[in-house]
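The residues making up each chain are set out below.
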Amino acid sequence: MMAILGGAIIGIAASLLLLFDGRVTGISGITAGAIKLNTPDRMWRVSFLLGLIIGGVVLRIIRPEALTIVSEAIPTDYAIAGFLVGFGTVLGSGCTSGHGVCGLSRLSVRSLVAVVIFMGTAMVSLFVFKTLRGGI
C-alpha cells in the first residue's frame, strides 16, 4: 500500500512541476543544473533537491522502519552502482525519473526505449552480481 501511495505522490509532484512550470522532473538534470553556479534557474533546483533531502529526514523521524537498509551490498557495490548510474544518465540523456516517470507519461518513444534499456540492464546486472557472489 505504501508503494502505491509513494508512486502516486511522485506522479502528482511530477505532473504539478510540468503543469505549473513546464519542467520535467528528472533528478539528474535538476542536480546538474544545481551544481552549475551560473545557471539562471539554480535556486528552484537547489530548493527541489533540499525538499527531497528534508522529506527523507522527516520520514526517517516519523517512520524510521521505512528506510531500513535490507541490502547485503558492500560500499564498493554502491560506488560501482553510483558510477554506472551517473554514466547511464549522461549516455541516456536523462535518468529513470525523467524518462520513467515523466517521459512515459508523455508517451515519449525515446523514453520508452530508455526505460526498457534501464530495466533490462538492471536485471542483467542483478543476475551477474548475484551469480558472482554465489547464488540468486
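Per chain, residues are indexed from 1 in the order of the written sequence. In keeping with the model being predicted, local features are shown solely for residues with a pLDDT of at least 70 and side-chain atom pairs are shown and tallied solely at 80 or more, while totals for entire chains, interfaces and linings include all residues. Side-chain metrics rest on all non-hydrogen atoms present in the structure, leaving aside hydrogens and water.

1. Quick notes on the overall build of the protein chain
Worth spelling out the cut-off: The way it works is that DSSP assigns letters per residue, a run of H or I at least four long becomes a helix, a run of E at least two long becomes a strand, and they are numbered from the N terminus. Three labels apply to residues, based on accessible area from a 1.4 Å probe with only protein chains included: buried if under 20% of the type maximum, exposed if over 50%, partly exposed otherwise in between. In what follows, a contact means two residues having at least one pair of non-hydrogen atoms within 4.5 Å. The protein chains shown are the only cover counted for residues, whose accessible areas, like all others here, come from Shrake-Rupley with a 1.4 Å probe. For this count, His and the chain ends are skipped, Lys and Arg are scored as positive, and Asp and Glu as negative. Think of each charge as sitting on NZ of Lys, CZ of Arg, CG of Asp or CD of Glu.
Of regular secondary structure, the protein chain possesses 6 helices and 0 strands. Each helix and strand of the protein chain, ordered N terminal to C terminal, gives the series α-α-α-α-α-α. Along the longest, intermediate and shortest principal axes, the C-alpha atoms of the protein chain span 50 × 40 × 35 Å. For the protein chain, the proportion of its 136 residues judged to be buried stands at 18%. Pairs at least 24 residues apart make up 34% of the contacts formed inside the protein chain by residues separated by at least 6 positions. For the protein chain, the accessible area works out to roughly 10000 Å², and carbon and sulfur atoms hold 76% of it. Of the charged side chains in the protein chain, 10 are positive and 5 negative, and the gap between their average positions amounts to 6 Å.

2. Section: helix α4 (residues 75–91)
How we decide: Expected span, for any helix, means 1.5 Å times one less than how many residues it has.
The end-to-end C-alpha separation of α4 is 24 Å, in line with the 24 Å expected for 17 residues at 1.5 Å each. Ser93 sits one or two residues past α4 and shows a positive phi near 50°.

3. A word on the confidence of the model for the protein chain
Atomic detail in the predicted coordinates should be set aside for any region of low pLDDT. Defined as follows: On a scale of 0 to 100, pLDDT captures the predictor's confidence in every residue.
Averaged over every residue, the pLDDT of the protein chain is 85; the share at 70 or more is 99%. When the elements of the protein chain are averaged for pLDDT, α4 gives the smallest value, 81, and helix α3 (residues 42–62) the largest, 92.

4. Quick notes on the packing of helix α2 (residues 27–35) against α3
Spelled out, the test is: Angular values range over 0 to 180 degrees, each being the angle between N-to-C directions of two axes fitted as lines to C-alpha atoms, with helices fitted over their stretch in contact. Orientation is classified from the angle alone, with under 35 degrees giving roughly parallel, over 145 giving roughly antiparallel, 65 to 115 giving roughly perpendicular, and any other angle giving oblique. Handedness of each helix crossing follows the sense of rotation of the near helix against the far helix: counterclockwise by less than a right angle gives left-handed, clockwise gives right-handed.
Between α2 and α3, the least distance of the axes is 8 Å, while the angle of their chain directions is 125°. In terms of orientation, α2 and α3 fall into the oblique class. Between α2 and α3 lies a crossing of left-handed hand. Here Ile27, Gly29, Ile30, Thr31, Gly33 and Ala34 of α2 come into contact with α3, specifically with Arg42, Trp44, Arg45, Val46, Phe48, Leu49 and Leu52.

5. Describing the environment of Glu65
Note the threshold: Pairs of N or O atoms are called polar contacts if they sit within 3.5 Å, as long as, within protein, a hydrogen donor faces a hydrogen acceptor (for residues adjacent in sequence, only side-chain-to-side-chain pairs).
With respect to the secondary-structure elements, Glu65 resides in the loop between α3 and α4. Residue classification places Glu65 among the partly exposed positions, given a relative accessible area of 49%. A distance of 3.0 Å separates polar atoms of two side chains, one belonging to Glu65 and the other to Arg63.

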